[in-house]
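Here is how the chains run, residue by residue.
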Amino acid sequence: MDRASPRQRALFDFAVTLTEAPWSIAAADLDRLRAAGLSEDGVEHAICVAAFFNYYTRVADGTGIEFDYDSPLPRLSIDRSRAPLPRPPPDTWNPAVDGSRLAVFPRRAFAQPVLEQWHSYHFDRDALLSRHERRILARAAATELCDPGTVAAFDDAIPRTPRERALAAYAAKLTLTPWAVGALDATLLRAEGLDDPAILAAITLVAHQNTLSRMHHGLAAHGPRDDR
Amino acid sequence: MPHIRIVEHHEADAPLRAVYDAMLARPIPDAYRAPHGGPAGIIRAHSLDPELLRITFAATGTFHRGDALSWAERELIAASASRTNQCFY
């Protein structure tokens, strides 16, 4: 990024922060995008792109599909033992962040109906995983995403059985260290009675929550930037 | 090897085949087309639930829309997020 323009640098830093430390996104980060020339449309679009790619990477890691694009980037060497960033304590979380509700992008109204459908598909059904299990997955992910609204909204979704604990553990792992998720993690879910369609439902719901919570962190950014 | 069953294009039943073909027919940049010509891995990852596949890419595919960021800038954000997650996607 040495030869990047200030605008490119700002986009890069924003994407990295929203990905690895979404709880730390502050008004100053959005102001930096604006100072680099982004319009409000651009800010919302940037939040969406970064948030959606946090979906795609987790589905790729969770399902274990191979990468099949030509990439001009140098071959990435993955450190599966890389630790996630430490999370700040709950009393520091932004109370305006509530990923249990769909984020609203004022300048991207065209996307709202399909986002609603997507959200509803994950939460408003009992096929494959019960509604309760879906909330367990979401709450476990949201806990690692410093999303107080979701944690509170799903406060009934505390894991109590071995299967529920396995679901919560999987959600936390796919959220925290998606690069470390492997075949063994799918095997652990199978041992609790999930078949492949149910495992896919779990993977995609957790990935979906990772998108939603990040959207809220981006839109609700306020106050001075916390030390990371 | 994938961790769950992936249903390939050639073995897809009618509902899945329809969604796969609709995905392939999208007007998207060439960089998002897999070199093998079939649905990309991230699409096939969803093969066990064609309706999930359709709804997911309708929603997430909205990232292609918007004039405020150039295509290169969207790519920069995407690649930066993916690299941070240590993922090729």
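Keep in mind that what you see is a predicted model, and the values were worked out from it rather than measured.

## Examining the overall build of chain A
Move 1: Across its full length, chain A carries nine helices and zero strands.
Move 2: Taken over the C-alpha trace, chain A has a radius of gyration of 18 Å; the compact-globule value for 228 residues is 17 Å, and the two agree within 12%.
Move 3: Along the first, second and third principal axes, the C-alpha set of chain A runs to 50 × 40 × 35 Å.
Move 4: In chain A, which comprises 228 residues, the share counted as buried stands at 47%.
Move 5: Across chain A, every contact between residues at least 6 apart in sequence was considered, and the portion connecting residues at least 24 apart equals 79%.

## Observations concerning the packing of helix α3 (residues 40–63) of chain A against helix α4 (residues 71–84) of chain B
Move 1: Relative orientation of the contacting elements α3(A) and α4(B) amounts to 40°, with a least axis distance of 9 Å. Judged by the inter-axis angle, α3(A) sits oblique to α4(B). Here the hand of the crossing between α3(A) and α4(B) comes out right-handed. Facing α3(A), whose interface residues are A:A46, A:V49, A:A50, A:F53, A:N54 and A:T57, α4(B) presents B:R74, B:I77, B:A78, B:A81 and B:S82.
Move 2: Each residue belonging to the contact of α3(A) with α4(B) can be placed in one class, and the counts come to seven nonpolar, three polar and one charged.

## With respect to the confidence of the model for chain B
Residues and elements named next belong to chain B.
Move 1: Across chain B, pLDDT averages 93, with 99% of residues at or above 70.
Move 2: The spread of mean pLDDT over the elements of chain B runs between α4, the lowest at 95, and helix α3 (residues 50–60), the highest at 98.
Move 3: Our summary of model confidence lists the complex with pTM equal to 0.95 and ipTM equal to 0.96.

## With respect to the interface of chain B and chain A
Move 1: The partner chain A presents 55 residues to the 45 residues of chain B that form the contact.
Move 2: For the side of chain B that touches chain A, the elements supplying multiple residues, two or more each, are α2 (41–44), α3 and α4 of chain B.
Move 3: At eleven residues, the largest contribution of residues to the side of chain B that touches chain A is made by α4(B).

## Some thoughts on the nonpolar core
Residue and element names in this part refer to chain A.
Move 1: Counting 84 residues, the largest nonpolar core has A46, A50, L137, A171, I199, A202 and V206 as the members making the most contacts within it.
Move 2: Residue contributions to this core peak at 13 residues, all from α3.
Move 3: Setting aside residues up to four positions removed in sequence, A202 forms contacts with L129, L137, L167, Y170, L189 and L194.

## Concerning the packing of helix α1 (residues 6–20) of chain A against helix α2 (residues 27–35) of chain A
Residue and element names in this part refer to chain A.
Move 1: In the contact formed by α1 and α2, the axes pass within 9 Å of each other and the chain directions differ by 155°. Relative to α2, the element α1 is oriented roughly antiparallel. Once α1 is placed against α2, the crossing between them reads as left-handed. Of the residues in α2, those touching α1 at A10, F14 and T17 are D29, R32 and L33.
Move 2: Across the contact of α1 with α2, the residue classes break down as three nonpolar, one polar and two charged.

## Focus on α3(A)
All names here are of chain A.
Move 1: In this model α3 runs 35 Å from its N-terminal to its C-terminal C-alpha over 24 residues, within 8% of the 34 Å that 1.5 Å per residue would give.
Move 2: Across the 24 residues of α3, 22 count as buried, placing the element largely inside the fold.
Move 3: Looking one or two places after α3, you find G64, whose phi comes out positive at around 75°.

Definitions and limits used
- Residues numbered from 1 in each chain as written.
- Chains lettered and ligands numbered in written order.
- Predicted model: local features only at pLDDT ≥ 70, side-chain atom pairs only at ≥ 80, totals over all residues.
- Helix = DSSP H or I, 4+ residues; strand = E, 2+ residues; numbered from the N terminus.
- Rg over C-alpha atoms; globule rule 2.2 N^0.38 Å.
- Buried ≥ 20, exposed ≤ 12 C-beta atoms within 10 Å, placed from the backbone.
- Contact = placed C-beta atoms within 7 Å.
- Axes fitted to C-alpha atoms, helices over the stretch in contact; angles between N-to-C directions.
- Parallel < 35°, antiparallel > 145°, perpendicular 65-115°, else oblique.
- Left-handed = near helix turned anticlockwise from the far one by under 90°.
- Nonpolar A, V, L, I, M, F, W, Y, C, P; charged D, E, K, R; others polar.
- pLDDT = per-residue confidence, 0-100.
- Core = buried A, V, L, I, M, F, W, Y, C linked by C-beta atoms within 7 Å.
- Expected span 1.5 Å × (residues − 1).

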